[in-house]
Structures are given as C-alpha cells and as structure tokens.
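An overview of the molecular structure
Residue strings, one per chain:
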Amino acid sequence: MNTNKKADFYYVTGGFYIVIVFILAAVTFMFNRYLAIAECILGLILCVANYIYKQHSERRISEMFENMTLHLGSATHNALMHFPLPTLIVEEGGKIKWYNDLFCEVFEEQQLFDKNISELIPALSSQTIFSVPSVPVSMNVLYHGRTFRVFGSQPQSEEKNTIMVLYFDEISEYVSYQQKYEDEKTIACLIFVDNYDELMESVGSDATPQLQAQLYKHINDWASENGGVLVKYEKDKYSILFEQRYLEGFIKDKFDILSKIRGIDEGNTIPASVSIGIGTRGHNIAENHEFAKNAVHMALGRGGDQAVIKDNDQFYFYGGNSKEYEKSTRVKARVVSSALSGLIANADNVIVMSHRDADADSLGAAFGVYRMCRMQDKSVRILLETYDQTVKNMLDRLEHVEEYVGLFINGQQAMTRTQGNTLLVVVDTHKPSLLEMPGLLQKAGQVVVIDHHRRGAEFIENTALIYHEPYASSTCEMLTEILQYSTNKMSLTKLEAECLYAGLVVDTKNFTFKTGVRTFEAASFLRKQGVDTVVIKTMFQQDLTSYIKRATIIKNAEIIREQIAVSTYDEVEKDIHVTIAQAADELLNIKGITASFVLCRTENGVDISGRSLGGINVQVILEKLGGGGHLTIAGAQLDNMSVDEAKECLNKAIEEYYLETVN
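What counts, and at which threshold
Residues numbered from 1 in each chain as written. Predicted model: local features only at pLDDT ≥ 70, side-chain atom pairs only at ≥ 80, totals over all residues. Heavy atoms only, no water. Pairing = 2+ DSSP bridges. Helix = DSSP H or I, 4+ residues; strand = E, 2+ residues; numbered from the N terminus. Axes fitted to C-alpha atoms, helices over the stretch in contact; angles between N-to-C directions. Expected span 1.5 Å × (residues − 1). Buried < 20%, exposed > 50% of the residue type's maximum accessible area, 1.4 Å probe, protein only. Arc of directions from axis to C-beta. Core = buried A, V, L, I, M, F, W, Y, C linked by side-chain atoms within 4.5 Å. Contact = heavy atoms within 4.5 Å. pLDDT = per-residue confidence, 0-100. Phe/Tyr/Trp six-rings, centres within 6.5 Å; stacked < 30°, edge-to-face > 60°. Lys NZ or Arg CZ within 6 Å of the ring centre and 35° of its normal.

Sheet architecture is open: five strands sit in the order β2-β1-β5-β4-β3, paired in antiparallel fashion. Each of the sheet's edge strands pairs with one partner strand only, and the pair in question is β2 (96–99) and β3 (137–143). Here the strands of the sheet are splayed against their neighbours by 25 degrees on average, with no regard to which way each runs. Taken together, the seven bridges between β3 and strand β4 (residues 146–153) define a ladder with antiparallel strand orientation. By the bridge assignment, S138 is partnered in β4 with F151.

What follows is the structure, given as structure tokens:
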C-alpha cells in the first residue's frame, strides 16, 4: 500500500535526523554548553514526535486493512490471513492491493503493492480477470516453468473500486502427469503400398527382391526411429503402433517417409509410393485402429502417396501431390460388373442420380447404367433437373427418340418412385451435399456409388457397392469397362455410345489429361459402337457471345507466383461455369503457366474452376476452400461471398500450399 511505504520512509528518515541532532549536540557542548542543551532538548522532542507518528501510522494502516476486510466479511478476513495457498487481492485496474506471505514465498517477490498483476503474470491482465462482472475466474497460468490454477471471486463491497481475490494452486505435477499420459497414448498406423503388383512388374525378376527389401527397410527404419512396433501382415500392407508424442513430429516433417519411398530406385519405371492412415484420439486402441482403416482408405481414394489422420472429429490430409497411376488389371471392373448386375436384378426399379448441374460425364455414366438395366428389362429412370449447355445439346438429340421418352424425371417424381426395394445408383460424385436430391439416399433400399473424383472427407455412407477409382479419367470410362464385362450380350445404341464418349472427351480435355491405356481402350470400344467424332465436336460448339466472354476472361488474367494464372468474371449469367472451365483450360496454353484459376459470380456466391498441368495440385489448393476434384482438375463453390473476397481467399490458399510443399 502507498501509506505503508510512506510510513517506512518516515520511520527511517526520522531516526536518522534525530541521531544527527544528538551528534551535533555532542560537538557543540565543547564550545557552547547552553546551545548543546537546547539541541538535546530538540532531539528529545523529535524522538517523542517520531514515536507518536509511528504509532499513528501503524494504526492508520491497521484501520485501512480492517476497513477493506470488513467488506469481505470476518470469515473471509480470517480465511485470507491463514489461507494455505498463495493469495492476493487486486483492484479493477489490475493493481495489487494485498497479498499474503505465502504468495511472496512462492513467487519470490517482495515489493508488489500497487504494481499491476500483468507485470508479474502477463496472462492475468485486468481485462482477463474482470472480463465478465460477477463471474468467478478459473484459469491456468504459467510462471517460470511452473503451472498454477488460478481461482478468483469478487466479494461484495460498497467501495467504488471492484476488487478480486485470487488464489493460486500449483498444479505443475498434475500437468506433467497429464502430458505424460497424453504422450504415451497409443495411435494406430496402417501403411499400404500403392499399386504393388504394377510396381513389382515394372522391374525385372532379379530386381524384385531388392525393391521389396527397400520398401520394407524404409518403413521399418521410420517405425524404429519413432519408437513404433511394426507388423507386416500382407505383402503390401503394414501395421504400426506409435505413441502420441511422435505425431506432432510426423506433421512437422510433412511425413517425410512419403518422399523417401518415392526416392526408391531399383530400376522401377513406376515410382514407389505408399498410403498412410493414422487413427488417434479414440477411446481405445480398437477405435484408433478403425480410424486408421478409414484414414488409409481415404488416402487410397484420393490417389495414394499421402498421409491421412483421422480422429473423432475429422480427417487431416498431408501430401497427395503426386499423379495417380493407372492400374493395368481389370479384375475390379469385372467384379463390380457382376455385383452391379446382381443388385439390378434383385431391385424392383432403379433410379440413377448425379450431382447438381450435370455435365457430359455424369449424363454419359447415367446412360451406361441405363443400358445395364434395359438388358435385364428392369424399370429405370434418370433424375435430371439442372445441367450445363453440353448436356442440353445432348438432350436435344434425344428428345424425339421414342425409347427415351419419360426417361428423365425431376426430384419430386424420383421421391415418388423410390420405395424400399429401389436401387439408387449415384454416378460422378460421392458427396451427399452435391447430389440433385440427397433425400433419396435414406429412402432407397440400396445405394451404389460409382465415381472417379479423389475422395474427400464427405462421403456417402451405408452403400451396397462402391466403385471408386481416382486414377480413372472419367466415370464414363469406368461404366464402359463395366458394360464390357456384363454377362448378357451388350449393344449400345449410337446415341448412348456418343454420350459416354462425350464424357471421356470432357474429363480428359480431348484426351490430354488423366489418360491411360484403359482410357483409349474404352474410347476404342465406344468408337466401335458407332460414335461419330464429328457429332461429338458439334456438341461442344459455343455461340459467338460465349466465345467472346471466354476471350475476355483470358485477357483479364493476372499472373502470380510466375506460373499461376488467375482471372475473374463478375456477372451473374446462366451456364457461366462452363465458360470459366473452358477459360481455365485455355489459360494453360500460355507459355510458363502450369496452373490456372477462374472465378465467377453466381446467385449464391462464387464458383472457382481450377486446372493444372500436373506440377501444381489444384485439388489440394481448392480443398482449403471446401472444394475438391483431381490433381489437374478441381473446383469449389464459396457461398455468400463476393468475387474479390473469394479471390483473396484463393490467394491465401495458394500461399499456404506453397508453404506446405516447400517446407
């Protein structure tokens, strides 16, 4: 307190002056006896005055403390004086007004009166302590490596200044044990070698053992360096148990095991890669193992060569910057064809549904399912409400064909036709939020998902069959292979073949991106079914107005990071998303540009179309904005946002991507 400090000062200085007076009296006595007597009398008067002032000051201090504690109550006063925890009282401005001896002892501070509490403990500012009136304080603070649990309450007081009584309970040992408990929790990790069979076939038989040994060595070294227990339970599958403490290091190193595996060179023409799934924060090891299974399947569904962490709340993705490699075997396509035929045969009727704003790939895939149903004389309908200009051009050609009359239905009609034994086939998407009519998922008896997009955290659950291949160029390619393995004699009509072929053309950008041997084999099969490539070309023709818009978008493009083109279109127009996708493709023709993004305004917000030549993963960038897709083709929709705001978000996502890939 100020009074206490002033009193101490006067006690010391008063006694000092009295001693000086008596010394002067002793010296003066040798020259003037009367003057010396007068000085002694003055010294005695000063002694009496100093004693009286000291008694008065102590009484004032006592009265002031008693007056303060009187408002706290006698019980509180007694508790404060003998409380076994470090205790202090602060006023609303944060100044320390009182503290007990134990507080001095623990915090090793002596003169704290009228100092601000934030000078001693920055976390305990006045704003923090008095943030909500009449609400008790309860928080942990750190002081010189020691952790204290601080409790505080405001006693009732008639004074103008509000005060707070704070109690400090040291919990350093508890925090240490808590951290030790968290660090020693067991997390489950599963590692699958991507395309193991194709990888081994890419080297000669004499190099196969060395390649297998290198894979095992890198995985085993990674497990050993981080205290893991490794079990190889299949030729291409590994299980590891780690302690939680190592997970932060994995994330900090961006799972460097991925790059080490990619660096294996034993003459293999296909780069080695692995998919890693980690389960953590589960209630027990079994739940963590289940999380790890979900995570590794997510990694595989996104193309492999990445790590995915799954906890109770969500997925976290790391890596995934490599191109997917096509599998040479068609065993899965044959198995799916047989399974899908069986599901169709056992259903009363079939509904085919794709994503909103259907494109050529989704319509072509829907026709593939339609043909399988017709081969079994099964009733089938295609749910189609919103679609782009290319689909409209296709529908114009189908309009007067008797076979397809009544084939397309809207959402309400689909809900009416969907019963307990209806088979719902979802094509070209796996996200419920993107479906034309998500409510059909719960009403249908069984659900089948056929999609080629890299898997996101959102996925349709409780499916009877999933055919998800991110390496495939398009869903039309997948359906074409399924049709070839159909048990019944299969023959597509010319229009159906052209719809499937158009889907291939759209998603491969005229067989430029994501094309493999199986892509061209599918195209060859469809060509034999009577596809007219000139007709396909006319389906994608645009009017002059759209062409000019596309040219304007390209003209207004900005170059960032010397290799990324970003452009915008700020007018709300129908089917503009088709134009921006084409503009994004065209921007890749500019020398030095390896990725492009085009943003356009819509009624609900902003759409983004991203394209890449493969060096930059546009899917990872747009996933940061809630979108998805593939390494080279991706998109995102940002609701309730202007084009400028969306562009700023995109720039931040690009910068984050560069930081992640460089560091």
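Between its first and last C-alpha, helix α13 (residues 331–346) extends 23 Å over 16 residues, near the 22 Å set by a 1.5 Å rise per residue. Considered for burial, the residues of α13 that qualify are A333, V336, S337, L340, S341, L343 and I344. Looking straight down α13, one finds its buried side chains confined to an arc of 165 degrees; they lie on one side.

Turning next to the nonpolar core. Membership of the largest hydrophobic core comes to 59 residues, with the highest contact counts inside it found for I450 and L526. Apart from residues no more than four positions distant in its own chain, L526 is found in contact with T480, L492, A497, L500, Y501, L504 and V531. L230, F242, I270 and A272 belong to the second largest nonpolar core, which has 33 residues in total.

We now examine the confidence of the model for the protein. On average, residues of the protein carry a pLDDT of 84, and 89% of them reach 70 or more. Below a pLDDT of 50 lies the segment residues 1–12, which in the model reaches 20 contacts outside its immediate sequence neighbourhood of four places, other chains included.

Positionally, V203 belongs in the loop between α8 (196–201) and α9 (208–225). When the C-alpha atoms of V203 and G267 are compared, they prove to be 5.9 Å apart, with 64 residues separating the residues in sequence. Apart from residues no more than four positions distant in its own chain, V203 is found in contact with T208, L211, E266, G267 and N268.

Glancing now at the packing of helix α14 (residues 360–375) against helix α15 (residues 389–398). One way to put it is that α14 packs onto α15 with a least axis distance of 8 Å and a crossing angle of 40 degrees. Every residue of α15 that contacts α14 at A360, L363 and F367 is listed here: T390, V391, M394, L395 and L398.

In total, this model carries 17 aromatic pairs according to the counting rule given. Summarising the aromatic geometry, the rings of W222 and F242 are spaced 5.2 Å apart at their centres and angled 70 degrees between planes, so their arrangement reads as edge-to-face. Taken together, the residues W222 in helix α9 and F242 in strand β8 (residues 237–243) connect sequence positions 20 residues apart. Judged by its relative accessible area of 4%, W222 falls in the buried class. Consider the rings of F242 and F250, whose centres lie 5.0 Å apart with planes at 70 degrees: the pair is edge-to-face. Like F242, the residue F250 is buried in the burial classification. Grouping aromatic residues by their ring pairs yields a cluster made of W222, F242, F250, F255 and Y318. A cation over an aromatic ring shows up here: R561 above the ring of Y658, its NZ or CZ 4.2 Å from the ring centre.

What follows is about the sheet that holds strand β15 (residues 422–427). Spatial strand order, β14-β13-β12-β15-β16-β17: six strands in an open sheet with parallel pairing. The sheet is open, and its two borders are formed by β14 (408–409) and β17 (465–468), each paired with just one other strand. Each of β15, β16 (446–451) and β17 is contacted by helix α18 (residues 475–484), which is oriented at about 115 degrees to β16, the strand it contacts most.

For D377, which is not glycine, the phi torsion reads 55 degrees and is therefore positive. Structurally, the position occupied by D377 is in the loop between α14 and β13 (380–383). Of note, the phi angle at F511 is positive, near 60 degrees, even though the residue is not glycine.

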